[in-house]
Each structure stands twice: as C-alpha cells, then as structure tokens.
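Each chain is listed here by its residues.
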Amino acid sequence: APAADLAGRHVVVTAGGTREPLDPVRFLGNRSSGKQGYALARTAVARGARVTLIAANTALPAPAGAEVVEVGTALELRAAALEAAGDADAVVMAAAVADFRPAVRADRKIKKRDGEDPEPVTLVRNPDILAELAANRRRGSVVAGFAAETDDVLANGRAKLARKGCDLLVVNRVGEALVFGAEENEAVVIEAEGGETAVPRGTKDEVADRIWDIVGRRLAGAPAP
Ligand code: C5P
C-alpha cells in the first residue's frame, strides 16, 4: 500500500489543455492529453489526500475519489484554481494553459466570403495563473508548475522557476515523441533553493509519485536539497 503521507492534505491539480474560443464552433487549443495531471490526481488520492482535479478538455475517466471541476478556457481555469487554492496545501499546475486568447469571441460562426481575405485574428495575453497562485499562496503551501522545453532544458527551467516564483518546476524535454499523449514520461524536478532531482523514465503514475515525494517532503518541513 502506498504511504499515506498526504493524509489530511488538500491538493489541487490542473490537467489538460485550455481552449480559447474564436467563435461558437472554433478554438485555439493544444495537444495536452491530461494524462500526467490525471496520474497526479490518482496517486495523490492513493496517498491519502483530498484532491481537487481541475480538468480542461480531457477525454479521460474521472479518477475515483477526486473532486473534478471541468473548465474550458484559461480564464475559467484561473477562477477554478484560485478558488480551490484557498485552502490548499499544494497546487500542481500540470495543465497546458494558452498564453494568448483571441481578443474577441464572435457571437456567430465566422463566415468565408468569396474573393475576400480572412480577417486577422488579434490575440491578447492570458494571465499567468501559476505566477498568480505563487504570489498569493497560503503560508507553508507548495506551488508547483510544469515546463516543456526543447533546448537548454535546465537553464530555461531555472529561469522560468524564478520568473513564476513557484517552489518547484517539473521540467520535461519535448520534441522526442515523448510527453504529449504518451503513456510514459521523464523529467527533472528543480526546486527554488537549487535542488535538482532526476525522475527516470516511467509511467505517468510513477513520475507523479516522485513529484508527490518531493511535495510531501516540502510539506513535512524537511530541508530542500
Ligand atoms: O510559461 P509556460 O507556459 O512555459 O509555463 C508553464 C507552466 O505555467 C505550467 O505549469 C502552466 O500550467 C503554467 N501556466 C499558467 N498560466 C499561463 C501559462 C502557463 O499557469 N497563462
């Protein structure tokens, strides 16, 4: 049986990918499957936590024992995450959040007209939810993010961790047919104090357990590496 090291803890996990509507039938989206976030939710339940899973556009069965909040857009995800984080001991932002959204959502389906060029799409920035959660975190709570990088993985991850102000960042190397939609993952967890923990290739549940090991160690007040 897994350690109940998260018993009595409330953890919030975001999963999936946001969709930013252009009109009633179209959106800007991404390829996140939600599998790593669901694995985090499932393993946290197994370790005794109360789990809120904020799910953006996944096609996965709800993990038994987790409370699932479904969202569509980045702004919806933000509202759900800020609310759930109010009494959370840990927040893990595994969702792929769109950095930008269309400035306007057309009320009606955008039509093509013969001989006319399409209207350009104007984008506006979405708020950085991870940075906001980190800035407003409860004392003693742990805020974690994910970063997919193609090059200079650790240096870029380190800079991102500092920019976001979170406690730890799970850094994935992408572009090797790994990660998106895959059943396995591998990562390096970097911590604000400088620690780096390599998480070897394994199932997404195995990777999730290594992430909870680190979150659990931080919640227990043990010194960071
Ligand atoms: O900046 P980047 O998108 O690479 O950062 C990834 C991390 O930041 C992920 O944990 C993601 O959930 C989070 N994020 C966010 N709000 C955004 C963009 C990303 O919370 N607008």
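Residues numbered from 1 in each chain as written. Predicted model: local features only at pLDDT ≥ 70, side-chain atom pairs only at ≥ 80, totals over all residues. Heavy atoms only, no water.

1. Some thoughts on a negative patch on the surface
Residues Asp114, Glu116, Asp117 and Glu119 make up a contiguous surface patch of negative charge. Among the structural elements, aspartate 117 can be located in the loop between β7 (100-102) and β8 (123-125). (Patch = residues over 30% accessible without salt bridge, like charges linked within 9 Å, V, L, I, M, F, W, Y side chains within 5 Å. Areas by Shrake-Rupley, 256 points an atom, 1.4 Å probe, with all protein chains shown as cover. Salt bridge = Lys/Arg side-chain N within 4 Å of Asp/Glu carboxyl O. Lys, Arg positive; Asp, Glu negative; His and termini not counted. Charge placed at Lys NZ, Arg CZ, Asp CG, Glu CD. Helix = DSSP H or I, 4+ residues; strand = E, 2+ residues; numbered from the N terminus.)

2. Remarks on the layout of surface pockets
Volume-wise, the largest pocket comes out at about 980 Å³. Along the wall of the largest pocket there are 35 residues; nearest its centre are Ala95, Ala96, Val97, Phe146 and Ala148. Where the lining of the largest pocket is concerned, the elements lending two or more residues are α1 (35-46), α3 (129-135), β9 (142-149) and α4 (153-164). In this model, the second largest pocket occupies a volume close to 570 Å³. As for the second largest pocket, its lining consists of 19 residues, of which Ile110, Lys111, Pro118, Glu119 and Pro120 are closest to the centre. Its residues assigned to classes, the lining of the second largest pocket shows nine nonpolar, one polar and nine charged. (1 Å grid on protein atoms, 1.4 Å probe; cavity = no way out; pocket = protein on both sides within 12 Å on 5 of 7 lines; lining within 4 Å. Points joined across faces, edges and corners; volume = space filled by probe spheres on them. Nonpolar A, V, L, I, M, F, W, Y, C, P; charged D, E, K, R; others polar.)

3. Notes on the nonpolar core
If you look at the biggest cluster of nonpolar residues, it comprises 32 residues, and the most contacted ones within it are Leu40, Leu168, Ile211, Trp212 and Val215. Broken down by element, this core gets its largest block of residues, seven residues, from helix α5 (residues 204-219). Ignoring anything within four residues of it in the chain, the contact list for valine 215 reads Ala90, Val142 and Leu168. In terms of nonpolar packing, the next biggest core, distinct from the first, is built from 25 residues, Ala84, Val153, Leu161 and Leu169 among them. (Core = buried A, V, L, I, M, F, W, Y, C linked by side-chain atoms within 4.5 Å. Buried < 20%, exposed > 50% of the residue type's maximum accessible area, 1.4 Å probe, protein only. Contact = heavy atoms within 4.5 Å.)

4. What to know about the confidence of the model for the protein chain
Taken residue by residue, the protein chain gives an average pLDDT of 94. The fraction at 70 or more is 97%. Note on the complex model: pTM 0.95, ipTM 0.98. (pLDDT = per-residue confidence, 0-100.)

5. Focus on unusual backbone geometry
The phi angle at asparagine 57 is positive, at roughly 60°, despite the residue not being glycine. The residue asparagine 57 is located in the loop between β4 (50-56) and β5 (67-71) in this model. Asparagine 57 gets classed as partly exposed once you look at its relative accessible area, which sits at 28%. The phi dihedral of aspartate 152 falls on the positive side, at around 40°, and the residue is not glycine. When you line up the elements, aspartate 152 lands in the loop between β9 and α4.

6. Let's talk about the pairing of β4
For β4, the tally of buried residues reaches six of seven residues, placing the bulk of the element in the interior. In the sheet, strand β1 (residues 10-16) pairs with β4 via seven bridges, with the strands oriented parallel. Counted as the bridge partner of glycine 16 is alanine 56 from β4. Sheet topology places β4 next to β5; five bridges connect them, and they run parallel. (Pairing = 2+ DSSP bridges.)

7. Section: the site of the ligand
Around the ligand, the structure places 13 residues, and the nearest of them are Met93, Ala95, Pro127, Leu130 and Lys160. Here alanine 95 contributes a backbone N or O atom positioned 2.7 Å from an oxygen atom of the ligand. Contacts to the ligand include lysine 164, whose side-chain N or O atom sits 2.9 Å from an oxygen atom. For the ligand, whose unbound accessible area comes to 450 Å², protein coverage reaches 87%. Structurally, the ligand is housed in the largest pocket. Mapped onto the shell around the ligand, the elements with two or more residues apiece are α3, β9 and α4. (Near = heavy atom within 4 Å. Polar contact = N/O pair within 3.5 Å; in protein donor to acceptor, adjacent residues only side chain to side chain. Sits in = over half its atoms within 2 Å of the grid points.)

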